[in-house]
Amino acid sequence: MKTNVEAMKNKIEKRIAEEKKPTLVENRVCFKTVSGGFLRLDEIFGDSIVIEFAENMREAKNNRFEDGDIFLLKEYSEDELVNIITEAIETY
């Protein structure tokens, strides 16, 4: 059974994928950033989503993602998170 955080993460990934082509890396949805790195979302603490970054495909395939910003779901709407994550894809 999916948690609320997992369900929200999946919804956000699907919405972003409508505009930004996703890349599957080791069966995980990732988005290529403007610098050639990769961004993915993960669940953390059971109530938050974290943006993780890898510098390139090799790092992504080796699961060498660094944690970025953490977003407590009760403090952000789905639309806000989509905008924040899309901006991160376009910035990093």
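Use the structure listed above.
Residues numbered from 1 in each chain as written. Predicted model: local features only at pLDDT ≥ 70, side-chain atom pairs only at ≥ 80, totals over all residues. Heavy atoms only, no water.

Moving on to the pattern of salt bridges. Inspection of every chain in the model, using the stated rule, returns nine salt bridges. A salt bridge links R15 to D79; its shortest N-O distance comes to 2.7 Å. Of this pair, R15 sits in helix α1 (residues 4-17) while D79 sits in helix α3 (residues 78-91), and the two are 64 residues apart along the sequence. Classification of R15 by relative accessible area gives partly exposed; the value is 30%. (Salt bridge = Lys/Arg side-chain N within 4 Å of Asp/Glu carboxyl O. Helix = DSSP H or I, 4+ residues; strand = E, 2+ residues; numbered from the N terminus. Buried < 20%, exposed > 50% of the residue type's maximum accessible area, 1.4 Å probe, protein only.)

Another aspect to go through is the packing of aromatic side chains. In total, this model carries two aromatic pairs according to the counting rule given. Aromatic side chains F71 and Y76 sit 5.1 Å apart centroid to centroid with 85 degrees between the ring planes, which places their arrangement in the edge-to-face category. The ring of F65 carries R40 above its face, with NZ or CZ at 3.8 Å from the centroid. (Phe/Tyr/Trp six-rings, centres within 6.5 Å; stacked < 30°, edge-to-face > 60°. Lys NZ or Arg CZ within 6 Å of the ring centre and 35° of its normal.)

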